[in-house]
Amino acid sequence: MWRKIRGPVITICIMHLTALLCLIILSIVQCFVDMAEWIQFALVPAAKPQRVRDIRESEHVRLDLGNAEVNRVLGGGMVPGSLVLVGGEPGIGKSTLSLQIALAANGLKTLYVSGEESAEQIKMRAARIGIGNDECLIYPETLLENIVAQIAEHRPDLVVIDSIQTIYTDLLDSSAGSVSQIRECAATLLKYAKSTGTSIFIIGHITKDGSIAGPKILEHIVDVVLQFEGDSNNIYRILRGIKNRFGATFEIGVFEMLDAGLRGVDNPSEILLTHYEEPLSGIAVGASADGVRPYLIEVQALVSGAAYGTPQRSTTGYDARRMNMLLAVLEKRVGMKMFQKDVFLNFAGGFKVADPGLDLAVVAAVISSYYDRPVAEGVCCAGEIGLSGEVRPAPRTEQRISEAARLGFRRIIVSGYLAKGGKRPKGIEVVPINSVDCLLFSYSSLFKLVILCSEKKRCYSVVENNSYTGAKILLSMLRLEVMISARPDMSISYFISFLLVVTSPSGKSTSTA
């Protein structure tokens, strides 16, 4: 019996084994086919050590993205083969900015990959923004292998991916947006960008504390990290460089959000300064500088009596700890009783600033609100304040002076330790001060100053006609302690109060001593 069925059984077994072997071979071949596009840019010839003098610098021309503000932040354009990461709050305008770059008439072949919108939705947004590049390719996809295949097929100059948190790879079992998926997808895109010279612009989400979502290695992998920030209730946005391997990180780009998308602001000073019909207390103008771009910004302060035991300290767009430090300096060095006051600070336009050169403007606004006397018209300031009350030179002070002169300001208060020399613009008076208490006299639009001298039992009158000479004489007399010897109980803060009482905001003397 066995002899009769042995032959067919063996034949059937051989057929099954052959089929199984064919399936295994087909699976292996399919795996190699799927990985073919991965290994084509992963297998790079081993590099050899070279002398620095023997390395030839490539003459790559930066890509013009068709957006002057973005080009400025990147250092003059996008370097070919670079990977740029842009992060920001939801609804701040990241997708709008990236689509505007893709649709700009810059002569670049662009591929826009979206994992959050369909092609029809992107077309609706593109029609609203304005299409300057009809050849821009739109590709809604989330699988990394398909994205890499399309990039390899079309060979674009620029690839925009919105966003990295929606992209995933089949090599990992985790879901899109996980730490491992973000790390693997970013590393793969970086390898492709470096091996082919394709520039890749990716959008990243942020967490509730403001940092970019995903592993920290994501920021280390990419070449450039940009932060898109601003108040969603305000129309102005700032693109700030955090990391840049090919340029400086202190540049900023200013945008205005309109119905037709984001518009670059060439002169931020025009939107950050407010023109009032009459002078108001608590408002000062500071000259700031981010990168090579100086601008003037309005600082608003409100100082009022503390209704509760603990005074309130509130800031918008400014570091609260630095404001507390400046208030402590005013209390210690000038004698102002800030421990009894609520202080509120705001920067115009919803801007967030971290420039120490604005310390002088913040202090000027606080003093103006404290005594309820407006700062003289046509005056701005630029300087950093130390703990001992000294005024230090702000970085790039000469650029700040030139910007103030260009906008028609007649006087700018700077540090007295600023290096002399250099050609300064005409039409603006540069007033140097060494300490914070001198700031009050620099800003006073006084017509007549009266002080007492006990040694000679007579009055000294210093008449100022919109110049700084009177304040200089007054400060010299203070240094000689003429007044203190006459009135030992009269502190500097009392004298400042007396000075503001005898002079009205219009500049006419109201009383004499």
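This report concerns the structure included in the present document. Only a predicted model underlies this, so the values are computations on that prediction, with no experimental measurement involved.

Scoring rules and cut-offs
- Note on numbering: residues in each chain are counted from 1, in written sequence order.
- Reporting in this predicted model follows two pLDDT cut-offs: at least 70 for local features of residues, and 80 or more for side-chain atom pairs to be given and counted; totals over whole chains, interfaces and linings ignore these cut-offs and use all residues.
- Side-chain measures here rest on the full set of heavy atoms in the structure, leaving out hydrogens and waters.
- Secondary structure elements follow DSSP: runs of H or I of four or more residues count as helices, runs of E of two or more count as strands, with numbering from the N terminus.
- Burial classification: accessible surface area is computed with a 1.4 Å probe over protein chains only, and a residue below 20% of its type maximum counts as buried, one above 50% as exposed, and the rest as partly exposed.
- A contact between two residues is defined here by any heavy atoms of the two lying within 4.5 Å.
- In this description, accessible areas are obtained by the Shrake-Rupley approach with a 1.4 Å probe, and a residue is regarded as covered only by the protein chains that are shown.
- Here a strand pair is declared whenever DSSP counts at least two bridges between the two strands.
- The method works on a 1 Å grid over the protein atoms by themselves. A cavity is a set of points holding a 1.4 Å probe that cannot get out, a pocket is an open set with protein on both sides within 12 Å along at least five of seven lines, and residues with an atom within 4 Å of a point line them.
- Grid points are joined across faces, edges and corners, and a volume is the space filled by probe spheres set on the points.
- Polar here means any residue other than Ala, Val, Leu, Ile, Met, Phe, Trp, Tyr, Cys and Pro, which are nonpolar, and Asp, Glu, Lys and Arg, which are charged; Gly is therefore polar.
- By definition, a salt bridge exists where a carboxyl oxygen of Asp or Glu is found within 4 Å of a side-chain nitrogen of Lys or Arg.
- Fitting a line to C-alpha atoms yields each axis, with helices limited to the stretch in contact; the angle taken between N-to-C directions then spans 0 to 180 degrees.
- In what follows, roughly perpendicular refers to angles from 65 to 115 degrees, roughly parallel to angles under 35, roughly antiparallel to angles over 145, and oblique to any angle outside these ranges.
- Crossing handedness: left-handed means the near helix sits turned counterclockwise from the far one by under a right angle, and right-handed means the same turn made clockwise.

## Looking at the overall build of the protein
If you tally the helices and strands in the protein, you get 16 helices and 20 strands. The buried share among the 513 residues of the protein stands at 46%. Sequence-distant contacts, at least 24 apart, represent 67% of the contacts inside the protein between residues at least 6 apart. Summing over all exposed atoms, the protein offers an accessible surface of approximately 26,400 Å²; the carbon and sulfur share of this is 56%.

## Observations regarding the pairing of strand β13 (residues 341-347)
Consecutive side chains along a regular strand alternate between the two faces of the sheet. Note: strand β11 (residues 293-305) against β13, seven bridges, orientation antiparallel. Bridging across to β13, Val299 finds its partner in Phe347. As judged from the four bridges shared by strand β12 (residues 313-316) and β13, these two strands associate in the parallel manner. Residue pairing in the sheet places Thr316 in a bridge with Asn346 of β13.

## Focus on the layout of surface pockets
Taken as a whole, the largest pocket spans an internal volume of roughly 610 Å³. Mapped by element, the contributors of at least two residues to the lining of the largest pocket are α9 (268-272) and β10 (283-290). Here the element with the most residues in the lining of the largest pocket is β10; it accounts for three residues. Along the lines of polarity and charge, the residues of the lining of the largest pocket split into 13 nonpolar, five polar and six charged.

## Re the pattern of salt bridges
Summed over all chains, the structure comprises 15 salt bridges. Among the ionic pairs, Asp359 bridges to Arg322, the shortest N-O distance being 2.5 Å. Within this pair, whereas Asp359 is found in helix α11 (residues 359-371), its partner Arg322 is found in helix α10 (residues 320-334), the two being separated by 37 residues in sequence. The exposure class of Asp359 is buried, given its relative accessible area of 0%. The partner of Arg406 in a salt bridge is Glu403, and the shortest N-O contact between them spans 2.8 Å. Here Arg406 pairs with Glu403, and both are found in helix α12 (residues 397-406), just three residues apart, close to one helical turn.

## Considering the packing of helix α6 (residues 144-154) against helix α7 (residues 179-196)
Two elements in contact, α6 and α7, have axes separated by 11 Å at closest approach and are oriented at 10 degrees. One finds that α6 runs roughly parallel with respect to α7. α6 and α7 meet at a crossing whose hand is right-handed. Across the interface between the two elements, Leu144, Val148, Ile151 and Ala152 of α6 pack against Cys185, Thr188, Leu189 and Tyr192 of α7. For the contact of α6 with α7, the class distribution of residues is seven nonpolar, one polar and no charged.

## A word on the pairing of β10
β10 sits mainly inside the fold: eight of its eight residues count as buried. Burial along β10 is two-sided: the residues Ile283, Val285, Ala287 and Ala289 and Ala284, Gly286, Ser288 and Asp290 are all buried. Strand direction decides the pairing type here: β10 and β11, joined by eight bridges, are antiparallel. Across the sheet, residue Ser288 finds its bridge partner in β11, namely Tyr295.

## Let's talk about the environment of Val375
Relative to the assigned elements, Val375 resides in the loop between α11 and β14 (379-381). For Val375 and Ala284, which are 91 residues apart along the polypeptide, the C-alpha to C-alpha distance reads 6.6 Å.

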